[in-house]
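# Descriptive structure summary
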Amino acid sequence: MQYNSKGLTPSTLDENLTQWTQTFQSEDSGKYGTDFVITKESIIGNLCTASSLVAMDFEEILLFLQKNMNPYTAEGEYQDILYKLIGLERTYSTYTVVQRTVEGTPNTTAAAGSILFRNKTTQDQFKLNDDCQIGEDGKGTGSFTAEESGAIDLPNNAFCEIITAPSNVIAVYYSNGNQIQLGEDYESDNKFMSRWEENQSLANSDSEGGIKKYLMPYAINNSAKNITIRQNRNTQKYEDVPLHSMNIVINSSYDDETIAQAILDHIKDGVGMVGDIKVTLEDSEGAEVDIYFSRADLITVYFKIVVTLENNVYLSQVQSAIKNTIIDNFNLNMGDDVIANKFAQYVYGVDGVAEVNSIQVSTDELSWADKIEISEVEKAQLGDINVTE
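Now for a description of the structure that goes with this document. Just so it is clear, the model here is predicted, and its values are computed rather than measured.

What counts, and at which threshold
Residues numbered from 1 in each chain as written. Predicted model: local features only at pLDDT ≥ 70, side-chain atom pairs only at ≥ 80, totals over all residues. Heavy atoms only, no water. Core = buried A, V, L, I, M, F, W, Y, C linked by side-chain atoms within 4.5 Å. Buried < 20%, exposed > 50% of the residue type's maximum accessible area, 1.4 Å probe, protein only. Helix = DSSP H or I, 4+ residues; strand = E, 2+ residues; numbered from the N terminus. Contact = heavy atoms within 4.5 Å. Salt bridge = Lys/Arg side-chain N within 4 Å of Asp/Glu carboxyl O. Pairing = 2+ DSSP bridges. Axes fitted to C-alpha atoms, helices over the stretch in contact; angles between N-to-C directions. Polar contact = N/O pair within 3.5 Å; in protein donor to acceptor, adjacent residues only side chain to side chain. Phe/Tyr/Trp six-rings, centres within 6.5 Å; stacked < 30°, edge-to-face > 60°.

## A short note on the nonpolar core
Counting residues in hydrophobic clusters, the biggest one holds 26 residues, and the most contacted among them are Phe303, Ile305, Ile322 and Val338. Counting residues per element, the ones that place at least two in this core are strand 17 (297-309), helix 7 (315-328), helix 8 (344-348), strand 19 (353-362) and strand 21 (378-388). It is strand 17 that provides the largest number of residues to this core, a total of 5 residues. Once residues within four sequence positions are removed from consideration, Phe303 is found in contact with Ile326, Phe330, Val338, Phe343, Ile359, Gln360, Val361, Trp368, Leu382, Asp384, Ile385 and Asn386.

The following block contains the structure:
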C-alpha cells in the first residue's frame, strides 16, 4: 500500500508476494538465497499468500474509513454524521397528500382505502386515506395519499382515472379549493454533497450554518431542524428583523442563560441580535453584553379519532394503545405541519382496530381540520387525544 498526496493506493497480491520474495532473497534474511521462489505448493508460499491477503483486508478497511471520513467522498450514514457537524441534515422522502372531489350517492360514505385512482397521464396512483362523507349534493372532499413516496405531483388538470371504488362512487376530480401537500424526494448522496459544498462557506460563526453547528447540542434531539436563523444582511427578508441583524429561534430544554452563553461564546462582535428573550452576560473582558434570542412558539395540537373495532373488542381495551401510538410517533420538528392522516397508519397498526373512520386535529378543540400549518418559528406539541367509536 502506498500513501501520497493522492491518498491511499491499495497493493495487489502480486506486489505483496514480490515483496516477500525480495525479503527472503536478501542477505539480511540469512536463510534463503537468490534462488528462493514462492510456489503455491510450498508451506512458506501458503503462509506468504495468507498473510498478504490479511494485509490487503486491512488495507480495504483503511480505504473504507478514508473514503467515509472525507466529506467529498463519504456516503450514506457516514455522510449524515459528517455533515451534521456543520448543521446539515439529509432530506428524507415523504408522501404526497392531495384533496379531490368525490362524486357519488348523496348522504353516503366512502370508507378509507376504498378508492384508488391514477393520474391517467403519469400512471401515479393515489388511495383514499380517510373516510369521505358524500353530502346531500352528491359531492364530498376526499384526502388521498400517493402510493409511492417522493415529489409525486398531481396537476389540477390531471384526469383521475378510477381503478377501484365502491358502488356509491362514480367520479373523482379536481375542484377549486382542493389542496396538495407535495412530498419530498429522498436526497441522494450526490445532491447532499452539492448542498454541503454550497453551505460549507457558511461555517463561520456569524452565519446560519455556523450558529446551528454550535447550538445543535442544546436543541431538542440535537437536531439543526429545531433551530431557525432569521437573518437580514443587506436585504429585508424578514420584516420584524432589522437590517444586519439576526433572530435565533431554538426549541430547547436548556435554560436561557446556557443558550445565551453558547451564543456569546461563538458569535462575532458587531452582529446585531433581536428576540423576545434578553440575557445579560459578561464577555471575556468583563464588559456586559446583551444576548437576544427566541424560543419556538409551542402550538398545542389536539387529536379526535373515530374508529371501528373488530368483533368482541371494546374501546376500553384499545383506547390506551391508540393514544400511545400517537404519542410515540409525534416526532415533529420546528416548522413541521401536523397532517392528521399521516397518523392513521399507526392507529391501523393497533390490534383490534378494524377501520379508522376519521382522524382530525385542532388547536382549540372547537374547530377541527385535516391539517394544522406550523410556521418556521413554531413547534407543534401534543395535547389531548380523544378516541371514540
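## A few points about the pattern of salt bridges
Tallying each qualifying case throughout the model produces 8 salt bridges. A salt bridge links Asp240 to Arg230, with the nearest nitrogen and oxygen atoms 2.6 Å apart. In this pair, Asp240 sits in the loop between strand 12 (227-232) and strand 13 (245-250) while Arg230 sits in strand 12, placing the two residues 10 residues apart along the sequence. Take Arg230: its relative accessible area is 9%, and that puts it in the buried class. Linked through salt bridges whose partners overlap, the residues forming this network are Asp80, Arg90 and Asp189.

## Focus on the sheet that holds strand 17
Ordered in space as 19-17-21, the 3 strands form an open sheet in which the pairing is mixed. With one partner strand each, in any of the chains shown, strand 19 and strand 21 form the two edges of the open sheet. Mean inter-strand twist for the sheet, computed between neighbouring axes without regard to direction, equals 25°. In terms of strand pairing, strand 17 meets strand 19 through 8 bridges, oriented antiparallel.

## Focus: helix 6 (residues 256-266)
Among all positions in helix 6, only Ile259, Ala260, Ala262, Ile263 and Leu264 are buried. Structurally, the start of helix 6 carries an N-cap: the backbone nitrogen of Glu257 is 3.1 Å from a side-chain oxygen of Asp255.

## Some details on the packing of aromatic side chains
For the coordinates displayed, the defined rule picks out 10 aromatic pairs. Ring geometry for Phe117 versus Phe144: centroids 4.9 Å apart, planes at 75°, classification edge-to-face. Residue Phe117 is located in strand 5 (residues 116-119), and its partner Phe144 is located in strand 8 (residues 139-146); the two are separated by 27 residues in the primary sequence. The class for Phe144 is buried, based on a relative accessible area of 0%. On the basis of an interplanar angle of 85° and a centroid distance of 6.2 Å, the ring pair of Phe303 and Phe330 is categorised as edge-to-face. A residue pair is termed long-range when its members are at least 10 positions apart, and Phe303 in strand 17 and Phe330 in the loop between helix 7 and strand 18 (338-339) qualify at 27 residues. Summarising the burial analysis for this pair, Phe303 and Phe330 share the class buried. Here a set of aromatic residues connected by ring pairs shows up, and it is made of Phe303, Phe330, Phe343 and Tyr346.

It is worth stressing that arrangement in space is one thing and function is another; only the former is reported here.
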